Every structure is written in structure tokens, then in C-alpha cells.
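Examining the three-dimensional arrangement
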Amino acid sequence: MNPRIQLSVRALVEYAYRSGDIESGFRAVTALTEGTKAHQRVQKQYGEQDEREVYVSAEIVMDDLLFVVDGRCDGLLAGGEEGAVVVDEIKSTSGRLPDGMAETYPVHWAQAKCYAYMIAADRGLDAVTVQLTYVQVQSEEERRFRQDWTREELERFLDEMLRAYYASALQQARHAEARDRSIKELPFPFDAYREGQRKLAGAVYQSIADGHKLFAKAPTGIGKTISTIFPAVKAIGEGLLQRVLYLTAKTIARAAAEDAYALLQDKGLRLQVVTLTAKEKICFREEVRCSKEHCPFADGYYDRINAALLDLRANETLITRGVIETYARKHRVCPFEFSLDAAYGADAIICDYNYVFDPRVNLKRMFDEQKRRTAVLVDEAHNLVDRARDMYSAELEKRAFLEVQRASKGVHAGVHRSAKAVNDYLLAQRKRIGEPQREAVAEQPAELAALVEAFVAEAERVLTGSGGAGPAGIASSEQRYQGTMSQGDLLETEESVSLSEAGDAAGGDGLERGGRRAGEAGARGSRSEGFLVRQPDDASQFVRESDDASHVRAEAAGAVDRGGTPVRAGGSSGEADGSSGGEEADHAELAVGIGASPVPGGPELLELYFASQNFVRASKLYDERYVTYIECARSEVRVKLFCLDPSHLLRTMGKGYRSTVFFSATLTPLPYYMDMLGSDGEADYSVVIPSPFSREQLDVFISPMSTRYQDRERTKEPIVSLLGRITAERAGNYLLFFPSYAYMEDAYGRFMALRPEAEDGKGTKVILQAARMTEEEREGFLAAFQSGSSQRVIGFAVMGGIFAEGIDLVGDRLTGVAVVGVGLPQVGFERDIMKAYFDGTGRNGFDYAFLFPGMNKVLQAGGRLIRSERDRGVLLLIDDRYLQTPYKRLLPQEWLDYTIV
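All of these numbers come straight from a predicted model, not from anything done at the bench.

**Examining the packing of aromatic side chains**
As enumerated under the stated definition, the model contains 30 aromatic pairs in all. Measuring from ring centre to ring centre gives 4.1 Å for Phe781 and Phe803, while their planes differ by 10°; the resulting arrangement is stacked. Here the residue Phe781 occupies a position in helix H25 (residues 775-783), and Phe803 occupies one in the loop between strand S26 (792-798) and strand S27 (816-820), the gap between them amounting to 22 residues. Classification of Phe781 as buried rests on a relative accessible area of 5%. Clustering of aromatic rings is evident, with ring pairs tying together Tyr672, Tyr673, Tyr837, Phe838, Tyr848 and Phe852. The positively charged end of Arg329 is found above the aromatic ring belonging to Phe284, 3.8 Å away from the centroid. Seen from the ring of Tyr657, Lys371 lies directly overhead, with NZ or CZ sitting 5.0 Å from the centre.

What follows is the structure in C-alpha cells.
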């Protein structure tokens, strides 16, 4: 039976017509709503005999492939000349309308002609009239253009489209056949499972097979990465899955996932795996400016991308950053955009948490059927709780509105007026609150949200040009939209380019053999086109986002598509390491990158616009799990919509996937993490894997000296003295973890004063974690811990930081770990609010806000020590609270055989 290639009409014509450049420009986030309304307005004019949202499909055999092409046309009108049927395709724009046929878009005609052929073939029509209806969203002006085509002409046209796509489709078919065969023959990559590995792998496979979430607590050192990836790959081979998303919080964890896939590849696996790297890291230029004027890799990107993808997929399976860069230089294409296009067609993707759980940036450009055949593996899932709080919270500062108010006076009246209204409101709050200059209320600031929303609307009018029109209107003939370059000018509300569809266009998804259908891309209701929004923490970066039928995102965007389905909208959030020290902002941008081109109103207006848009979005997510707090300091007023409990939103954002596996060595206590990560209760699975390592491998010491803030000056000297003794008594390398940078640096200074010989680099080398470290500096820090070296290394690091989890210093690369303190978050306004909230919901507020997050850092730091059956080491815990029941009950069983020093 011929391999089956399923793709949407949109994906097909965009692939065939794809050409041009990556272009810069601002796109308003309200544009999608306006485009939706424009479509609905046109469709309301249809007569009783006319049809709306007509699903069409066709099966076409070409050589050795069976193409299943489908989509949904906007309208089928009965009033054509001489009784001809009219296929109506509606396109809305924020710019000017085309003056004549020469200014219409060829890709729009192509899309409508494909629909027309399917209508003609299905209904036995000899000819069909094709109509393009263009609508200006602000003025509501409409212009229509018609062409008549015979069924034979339309059939030849569709055949041309498929022939253009054929090489990519054939590559898909051949890859899928090789992939499935390799998976069936794939053995576990080691001679035997470690103790606990088989149980974990079995739990992952069963959860995928049954379609459930899994919460897995598994000890460090047993090989969690391969134990989750291997069964997920097997599930692809069994037809249970189409794709695997491996989510991480840190770059170092992505490297571990790449190593696992490489290990399987060495055993014969043929699986296309793409790692997504932040734009600012992978960009070839010193300044990230994505336009043909500033970047040769953006100039003509879409002219070269199809050939680049064919070349990449013909020769590579493990598509890491280095591979992307090599092929991007070879074909002169933007490496970031190239990685995204490659990812859309990959079998597996390694990326940040944001791509699934952040409501402001999406990897979820896929239809529900595609999600139902995707498994999500969440590495180091304990990090997701605080990350999610950041994702779903938003804040504003008075100062920014005052600056824009002053700058816009006499220049942009609407912006001036609306910024002043927000500034006046915040000024009134400062006067009202008085001392102690802060308050927290469990009530949404509806008046403020309305004022900020009004500011957003006024700012958009300035940022998009006069009257809200797009920056370029409809593109000139040189810049005309031929595929995916100028989607901000023409606001689609037809089916979106889903992850599945984009994969089709790039030579990836949509393949099924033996007649098994992959999904109904574009067939299950109308979808809304992606649009451009900004990366909120860098005014020069934008992302394109497409919709996903999730009510939480629709509420955030305040938009629905033509069929009433919610539509997502938003910006993107930066990636953090989920730690207290040395984090990098690895921004998760998914889509068309827009450069730092000048915008009307200046960067201050742009920056405030996106902060305000994020605030409005959060205000529409606001419920009983939020609190509003206001802080006043001198003339500044800061308002934050703070998400206290992200569990509901995590559960909502994760819906639709076949299975999600949350795994970590430190999901302790498990009920707490299941609660905070959005468990569905008894419907979910959980598994706890005991440590396979013996107590004899680890010598645990507890020193009951207080590290509480008020006691630190008194105990620092004896603590440093103890650290000196422990590190001197047993030869080897040590990591010493502290609760803060200030504490660590003070201890380091005292430690060095006791060991002057350490400064000359002979015998013992003492190194210190810096607050901000480049990748090269991080690698250098870890590389200092050598096996069998004559020089001992003592590293000072921060609990919860980049060296406290996810690193493997196996064997004698690490002999001992000391943890100073119990890791409790610093007492402050936010943590106090969290404690009060959880107390009020019947949960233990101190445990949820302080104890559990703090002890997680301790467990992660101590977990660096024993990574294999051969490792031996010494663990020193310094704090009297380790001997108290609330803390002691959270320690691993193998740590309880301790000696007090």
C-alpha cells in the first residue's frame, strides 16, 4: 500500500509559493481579533443558499505516494453567473486594499483554486468561479476579484502543487519507513538495566500507552534521561505516538538528552531530533536584526529554505545546534528560523518548558489530533513550579507610564492621554496606601486593567502607523507575500499553520502507512492565523504565534475564531535556569524573528506596550489563585498580578497531549509536587523508584550549627573551619553549597584566609561560582573537576544554582559535598503572601512556601555526589534543623545513617 501523506491545502500552497525574505516590522496583537470580525462580517452577508466553512478533501495518487489534501474554504456561494458555483476566500488586512488584480496575492489564488478543484470533483462541476474577498479591518471596505476555471485546469494546477511538494513528501515516506524499522530492532543501549531503570521505563511506556500523566520520582544516577526517552521512542515505533517533546529548564540538561538520543543512534535508531536554541545564542550576527537590509541570512531566506531542509534531512538525524549552524551557513539561511522549520517536521524536539506551558510562546502550533499523538517528557520537573508562577504573573511600574506620558505630549495625543490615566491611577494608589507602602488583596484591579487595555489600543495605533494600519500595508510587488513572510499584513482566520502542517511543508509530519490516518489537519473546525507579537524582555525581539484551542489562552487574548473556538495570543517569556544563582536568560522564541528596526514612538513605548499587553493578558487569567499586590517606594509604584498557585494553568496548558511525564530525583514530597504541577488526582499515575546505591557508598555527617540569618555572624568562623577540616581529611574534589551569593562570597574569603597556599594553584585549587557566567565559564568551572588529577579542586557554589543540579561528576571527579543551610527561600513579601494563601486553602503554608522548595535545593545539591555504583563520597549537612522532624522526614533514606559532628 502506498505511503499516505496528509497535509492541508494551506501547507501545500505555502510550500510551493514560499519565497522572499524574513522581514522586520511591528504587528499589533489585536489584529487577529479584527481579522476574525472581518471574516464574520463578510459571512453574515451570505444568502440562505450559500454555505460557510465548507470542509473539502481529496485523495490523489502520484507515483508511489497517496496524498490526502484537505482544508476548509470560507464560503461556497450559489449566485455565480449562469448558475456557476463561487468559491469565496476571505482575506483581511490592516493595510490598504489591492487596487487591481495585479496587486492580489498569488498564494491566495492558489489556496482558493485547490478548494475549487475539490468542490468541483466532489460535486461533479465542470467549472467553478473563484473569488478573493479582501477586507480592510478598520474601514470595513471590501474588494472582490473573480476568475473562472474549468475542472481540468484546476486539476492540473493541484497536480503542479503536489509535484512541487513531491520531493519533500517522498523524503518523509522514506524516513518514516527507516525510522519505524529501526525502532522495532532497537535494543536498550546498555548491556543491562540498572536497578530501578526497567521499572521507570516500564512506567513511562505504560503511561503513554494508557494516555495518562505520570509523576516519577527516581534517584540521581540511575539514568532517568534514557529511561524516559527509550520507552517514548518505542511508543513511536508501535504507532502510539507521532512525536516526543523533551522539555528542560537548563542547557546542560538538553545536552544530556542529546547524548541519550546519540546513544540510541549508535545502536541503529533513525529518528529526527531537533534541539531548539535561543535566537540570541545561535544568531550569526553581532546584533540580532532580522531583515534583509541587516542580515544576509534573512535576505532571501524563503527562496532557499526548502532546499536547505531537504539537504539537512537527507544527511542528518541528530540535529543539534552545531548541525544547524553548519547547514545554515552552507545554505545561507537564518539558523534560528532554520531550526524552527526543521523542528516542525521532526520526530522529537528538545526545548525549554516555555514551548508547552508558557501562555505567551508556543510550540503548540498543532491541531488536537497531533497533540493526542505527542508525549511530553518534563525533565527536572521540580523546577516547573516557580517557573510557572513567573509565566502566569505580570507586573507594571508607574515610572514607565510617566516617561511615555512625557515623551508623547504634543506628539501622540491618544498615547499621552491613556498613559497619563494609568499614571494618575497609580499615583492615587500611592497616596491611598501610605505606610507601610504595600498591600496585597485577593481582588483583580478591574479599573486598572481597563485603563491599561485602553493604553494598549492607543499604543498600537502609533506603533502600527496612522490609524492602526500596518507598517507597509499590503506589500509591494518586491515584498509580496509568497508564503509565510508577511502574515502580519494579511490577517488569516482560516486554518492556522499547525505544527503538523508546518512539518508537512518542511518535509516532516503527516505521514501514515497502511491507510492509518494521522489526523484531520484543518478539518475539525476553523483555525486562526498566527501573527507577530513581541518577546517582552527585549524590545528588539518578536515572535510569531499561532493559535491553539485552549480557553485559558483565549481568555488571555480576548479573541475567538470564526467558529467560536478560542484563539491564543501573546508574547514570549525568557527561559531561566530555575535557580537562585548564575541563571541565563535563554529566551524561548518560536517563530518569525523580527529585528530591531526603528518604530514610531521609540523603544520606551514599545517596551511599555508589551508589558501592558502581558498585564492585560494576566488580568484575564485572574481567578482565586491570584493576588494583586502594590509596592510603593518613594515615587515609584509597582503593581503585580501574582499567580500563587499555577497548578490549574499548568493543567490547562498541558491538556490534549497523549501523555505527560514529570520526572525528577527530588519530587519530595510527591503529593506536594503532584498538587502544584496540575495533577488530575486519581486519574494520574505515580511511581517512586528507590535508590539502587548502598549506604556504604556514602558517609553522611550533620553539624547542628545554626545558619539562620541572625546567627550567621556567630557561626561563620566555626563553619568555615569545619569545611577546611572536612576537605583536608579526605583527598579529592569538593563542592560546597551556600544559601546565597553574599554568604558564599564571605565564606570563600574566610576560607582562603585559612588556606593561603590555595592561591598559588599548587596542591589545591579553590574556584568560585560567579553571579553571571557565560557558557564557556560554566564549562571551565566543571572541567576543573578532573579525574585522577594531582591537583585537588574545591568549588564554592550556590544552592539552587546552575551547579546544584543536572551535572554529572562521576567517580573521583567529586569526592565530597557540603550543604550549608536548609535552602529556605528568603523571607519577603511574596513568600509571606504565598504562605497566607496556602494556609487559607487548607494546606500548610509554611511547607508550601518555604520548607518544600527549600529542601528541594538541599536534595539536588546532595544528589551531585553518588552518580554510579562505583562512586564513593562524603556528604556534610550543616544546620541544626536537619535533626528536626519536619526537615529530617524529607531526607532520602540513604542519608539517615549519619554521624553528628
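**Concerning the packing of helix H3 (residues 106-123) against helix H4 (residues 151-184)**
At a minimum axis separation of 9 Å, H3 and H4 run at an interaxial angle of 125°. What the angle tells us is that H3 and H4 run oblique. In this structure, the crossing between H3 and H4 has a hand that is left-handed. Each of Ala110, Lys113, Cys114, Ala116, Tyr117, Ala120 and Ala121 in H3 lies in contact with H4, whose residues at this interface are Arg151, Leu154, Glu155, Phe157, Leu158 and Met161.

**Some words on the pairing of strand S4 (residues 86-93)**
Within S4, eight of the eight residues are buried, which leaves the element mostly enclosed by the surrounding structure. Alternating positions in S4 separate into two faces, Val86, Asp88, Ile90 and Ser92 on one and Val87, Glu89, Lys91 and Thr93 on the other, with burial throughout. With three bridges joining them, strand S3 (residues 65-77) and S4 adopt antiparallel strand pairing. Note on S4: the bridge partner recorded for Gly75 is Asp88. Note that S4 and strand S5 (residues 127-136) share eight bridges and pair parallel. Across the sheet, Thr93 pairs through a bridge with Gln136, a residue of S5. Chirality of the crossover, the property in question, places the unit of S4, H3 and S5 among those that are right-handed.

**Digging into the nonpolar core**
Ranked by internal contacts, the top residues of the largest apolar core, which has 146 residues, are Phe338, Phe357 and Tyr392. Broken down by element, the residue count for this core peaks at nine residues, all from helix H27 (residues 845-862). Beyond its immediate chain neighbours, meaning those up to four positions away, Tyr392 contacts Phe357, Pro359, Ala618, Tyr626, Cys643, Pro646, Leu649, Leu650 and Met653. By size, the runner-up hydrophobic cluster in this structure holds 47 residues, among which are Met62, Leu76, Tyr115 and Ala173.

**Here we look at the packing of helix H9 (residues 301-315) against helix H11 (residues 335-344)**
The angle between the axes and the distance between the axes are what describe a pair of packed helices. Their axes nearest at 10 Å, the elements H9 and H11 cross at an angle of 55°. By the angle between their axes, H9 is oblique relative to H11. As for how H9 packs across H11, the hand of that crossing is right-handed. On the side of H9, the interface is formed by Tyr301, Ile305, Ala308, Leu309, Leu312 and Arg313, while H11 contributes Glu337, Phe338, Asp341 and Ala342. A class-by-class count of the residues in the contact of H9 with H11 yields seven nonpolar, no polar and three charged.

**Describing the side chain of Asp352**
For Asp352, the location among the structural elements is in strand S11 (residues 348-352). We classify Asp352 as buried; its relative accessible area is 2%. Polar contacts involving the side chain of Asp352 include one to the side chain of Arg387, which spans 2.8 Å.

**Let's talk about the pairing of strand S21 (residues 659-664)**
The buried fraction of S21 amounts to six of the six residues, a majority that puts the element mostly inside the structure. Alternating positions in S21 separate into two faces, Ser659, Val661 and Phe663 on one and Thr660, Phe662 and Ser664 on the other, with burial throughout. With four bridges joining them, strand S7 (residues 214-217) and S21 adopt parallel strand pairing. Residue pairing in the sheet places Ala216 in a bridge with Phe663 of S21. The pairing of strand S12 (residues 374-378) with S21 spans four bridges and is parallel. Counted as the bridge partner of Ala375 is Ser659 from S21.

Cut-offs used in this document
- For every chain, the first residue of the written sequence is number 1, and numbering continues from 1 onward in sequence order.
- Local features in this predicted model are restricted to residues of pLDDT 70 or higher, and side-chain atom pairs are both shown and tallied only at a pLDDT of 80 or more, whereas totals for entire chains, interfaces and linings draw on every residue.
- In computing side-chain values, all of the structure's heavy atoms are included and hydrogens and water are not.
- Ring pairs are drawn from Phe, Tyr and Trp, using the six-membered ring of Trp, whenever the two centres fall within 6.5 Å, and their geometry is named by plane angle: stacked under 30 degrees, edge-to-face over 60, tilted for the rest.
- Each helix is a run of H or I in the DSSP string that is no shorter than four residues. Each strand is a run of E no shorter than two, and both are numbered from the N terminus.
- In this scheme, a residue with accessible area under 20% of its type's maximum is buried, one over 50% is exposed, and one in between is partly exposed, where area comes from a 1.4 Å probe on protein chains only.
- For a ring to carry a charge above it, either NZ of a lysine or CZ of an arginine must fall within 6 Å of the ring centroid while also lying within 35 degrees of the normal to the ring plane.
- Here an axis means a line fitted to C-alpha atoms, over the contact stretch when the element is a helix, while the angle between two N-to-C directions is reported on a 0 to 180 degree scale.
- Should an angle lie under 35 degrees it is considered roughly parallel, over 145 roughly antiparallel, and from 65 to 115 roughly perpendicular; all remaining angles are considered oblique.
- Left-handed describes a crossing whose near helix is turned anticlockwise from the far helix by less than a right angle; the clockwise case is right-handed.
- Any pair of residues with heavy atoms lying within 4.5 Å of one another is described as a contacting pair.
- Two strands pair under a simple rule: DSSP has to find at least two bridges between them.
- The handedness rule is simple: strands pointing away from the viewer, and a clockwise path from the first strand over the helix to the second, make the crossover right-handed.
- Among buried residues, the Ala, Val, Leu, Ile, Met, Phe, Trp, Tyr and Cys ones that are joined through side-chain atoms within 4.5 Å form a nonpolar core.
- The residue classification treats Ala, Val, Leu, Ile, Met, Phe, Trp, Tyr, Cys and Pro as nonpolar and Asp, Glu, Lys and Arg as charged. All others, Gly included, are polar.
- The definition of a polar contact used here is a pair of N or O atoms within 3.5 Å, where within protein one atom must be able to donate a hydrogen and the other to accept one, and adjacent residues in sequence count solely through side-chain atom pairs.

Coordinates in, geometry out; function isn't part of it.
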